[in-house]
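Inside the fold
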Amino acid sequence: MSTLTVASDPQDAAAVEAVESHHTHLAGELAGQVSMLLDAAVRDPGAADGVRTGLVAFCDRELLPHAAAEESILYPAAHGTTEARLLVDGMLAEHRRIEALVGALRAAPTAVHAAVEAKALQVLFEEHLRKENTLVLPLLAASPDVSLAGLLEGMHDLLGGHGHAEGLEDAGRAEGGEEEPERSGGCGGGCACGGPDGGEAPELDVREVPHALRHATVFGALGAVPAGRAMVLVAPHDPLPLLAQIEDRDPGAFSVEYLERGPQAWRLRLTRH
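Residues numbered from 1 in each chain as written. Predicted model: local features only at pLDDT ≥ 70, side-chain atom pairs only at ≥ 80, totals over all residues. Heavy atoms only, no water.

1. Overview of the environment of Phe254
The condition that has to hold: Helix and strand labels come from DSSP, where a helix needs a run of H or I of at least four residues and a strand needs a run of E of at least two; each type is numbered from the N terminus. We call a residue buried when its accessible area falls under 20% of the maximum for its residue type, exposed when it is over 50%, and partly exposed in between, using a 1.4 Å probe and counting protein chains only.
Summarising the element assignment, Phe254 is placed in strand β3 (residues 254–261). Judged by its relative accessible area of 6%, Phe254 is buried.

Next comes the structure, spelled out in structure tokens:
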């Protein structure tokens, strides 16, 4: 967990950690897709519509259902406490703003407008999750009158389709907390460049991305790469565990070509078949 949380029992402590891990996954995937949209708006506005469509679909599939699940289960319990009543009112208002930004992203008339709305959504969503992790969840976990683990039981939208124990285990693997066996992650070289037209591939530099968000950010960016196109990944080390996870998630979908092998940066071109 990112902060020290005093929970009323071990089950509630595990529930807090699972929700925080899922929050990290959501924030990372959103950041990756927004990065691809910003890049497309600058380098290839014609490709930005496809990236925007994928980002909107991610919001409809993940972000908005997550917010709805919180409103139906977590927020009522927190709102019932004197300490959190005003906080929850503010969090609900932020949900409405998140929904409005998704709508603005969906209706944006140009690639530049879409990129602006997407970045605003990312900034608001990350701050919203920070408040949930540091304020709402610890309050619920510490309350002897609330069973956070009980509230989360069966909350598939809140934990990405997992129970809280399974969600924690999966999130830990996805964020690189455990080394994976070495794999090539694809053909190992000889793949195409940016796309069928030979254009420059968008670049995702994760060297400054917090470690906890790094893998999810790459997964989000890869989700925006259409068939026949590529993305250049810049990493602070040889990302063999990440390549193994990419192959596990979507076997054979990407080929990999090393463009640079350290010592300061590893650059890889990942091309979707």
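Right, picking up where we left off after that structure.
2. Regarding the sheet that holds strand β1 (residues 203–205)
Defined as follows: Being paired, for any two strands, means DSSP has found at least two bridges between them. Each axis is a line fitted through C-alpha atoms, taken for helices only over the stretch in contact, and angles between the N-to-C directions span 0 to 180 degrees. Any two residues having at least one pair of non-hydrogen atoms within 4.5 Å are treated as being in contact.
Spatially, β1-β2-β4-β3 is the arrangement adopted by the four strands of the open sheet, whose pairing is mixed. The open sheet terminates on both sides in strands that have one partner only, identified here as β1 and β3. Taking each pair of neighbouring strands and ignoring which way they run, the sheet shows an average axis angle of 20°. The pairing of β1 with strand β2 (residues 230–235) spans three bridges and is parallel. Bridged to Asp205 within β2 is Val234. Contacts from helix α7 (residues 211–222) reach β1, β2, β3 and β4 (266–272) within the one sheet, and its direction differs from that of β2 by about 165°.

3. A word on the packing of aromatic side chains
The condition that has to hold: Under the pairing criterion, centres of Phe, Tyr and Trp rings, with the six-membered ring standing for Trp, must be within 6.5 Å; the plane angle then separates stacked pairs below 30 degrees from edge-to-face pairs above 60, leaving the rest tilted. Comment: the charge-over-ring label is applied if NZ (Lys) or CZ (Arg) is within 6 Å of the ring centre and within 35 degrees of the ring normal.
All chains considered together, the criterion is met by zero aromatic pairs. The ring of Phe219 carries Arg249 above its face, with NZ or CZ at 3.9 Å from the centroid.

4. Remarks on the pairing of β4
β4 sits mainly inside the fold: six of its seven residues count as buried. Note that β3 and β4 share seven bridges and pair antiparallel. Counterpart to Phe254 in the pairing with β4 is Arg272. With antiparallel pairing between neighbouring strands as the criterion, β3 and β4 make up a hairpin whose turn holds four residues, including Gly262 at a positive phi of roughly 70°.

5. Section: the pattern of salt bridges
Which entries qualify depends on this criterion: When a carboxyl oxygen of Asp or Glu lies within 4 Å of a side-chain nitrogen of Lys or Arg, that pair is called a salt bridge.
For the coordinates displayed, the defined rule picks out 15 salt bridges. Between Glu29 and Arg249 there is a salt bridge, with the nearest N and O atoms lying 3.9 Å from each other. Of this pair, Glu29 sits in helix α1 (residues 10–43) while Arg249 sits in helix α8 (residues 240–249), and the two are 220 residues apart along the sequence. Residue classification places Glu29 among the buried positions, given a relative accessible area of 8%. Between Glu94 and Lys131 there is a salt bridge whose closest N-O contact spans 2.4 Å. Placement of the pair is Glu94 in helix α3 (residues 85–107) and Lys131 in helix α4 (residues 111–142), with a sequence separation of 37 residues.

6. Points about α4
Rules: Expected span of a helix: the number of residues minus one, times 1.5 Å. Note that bend, as reported per residue, equals the angle between axes fitted to the 7 residues terminating at that residue and the 7 residues originating from it.
Counted at 1.5 Å a residue, the expected span for α4 with its 32 residues is 46 Å, and the 45 Å between its end C-alpha atoms agrees. The sharpest bend along α4 reaches about 40° and sits at Glu132.

7. Quick word on unusual backbone geometry
Put simply, Gly262 and Pro263 share a cis peptide bond, and its omega is 5°. The topology assignment puts Pro263 in the loop between β3 and β4.

8. Comments concerning the packing of helix α2 (residues 45–79) against α4
Helix packing geometry: the angle between the two helix axes and the distance between the axes. Here is the rule we go by: Roughly parallel means an angle under 35 degrees; roughly antiparallel means over 145; roughly perpendicular covers 65 to 115; every other angle is labelled oblique. Here a crossing is taken to be left-handed if its near helix is turned anticlockwise relative to the far helix by less than a right angle, and right-handed if that turn runs clockwise. Residue polarity follows a fixed list, in which Ala, Val, Leu, Ile, Met, Phe, Trp, Tyr, Cys and Pro are nonpolar, Asp, Glu, Lys and Arg are charged, and the others, Gly among them, are polar.
At a minimum axis distance of 11 Å, the contact between α2 and α4 shows a crossing angle of 25°. Classified by the angle their axes make, α2 and α4 are roughly parallel. For the pair α2 and α4, the sense of crossing is left-handed. On the side of α2, the interface is formed by Pro45, Ala48, Arg52, Leu55, Cys59, Leu63, Glu70, Leu74, Tyr75, Ala77 and Ala78, while α4 contributes Ala111, Ala114, Ala118, Leu121, Phe125, His128, Glu132, Val136, Leu137 and Leu140. When its residues are assigned to classes, the contact of α2 with α4 shows 17 nonpolar, one polar and three charged.

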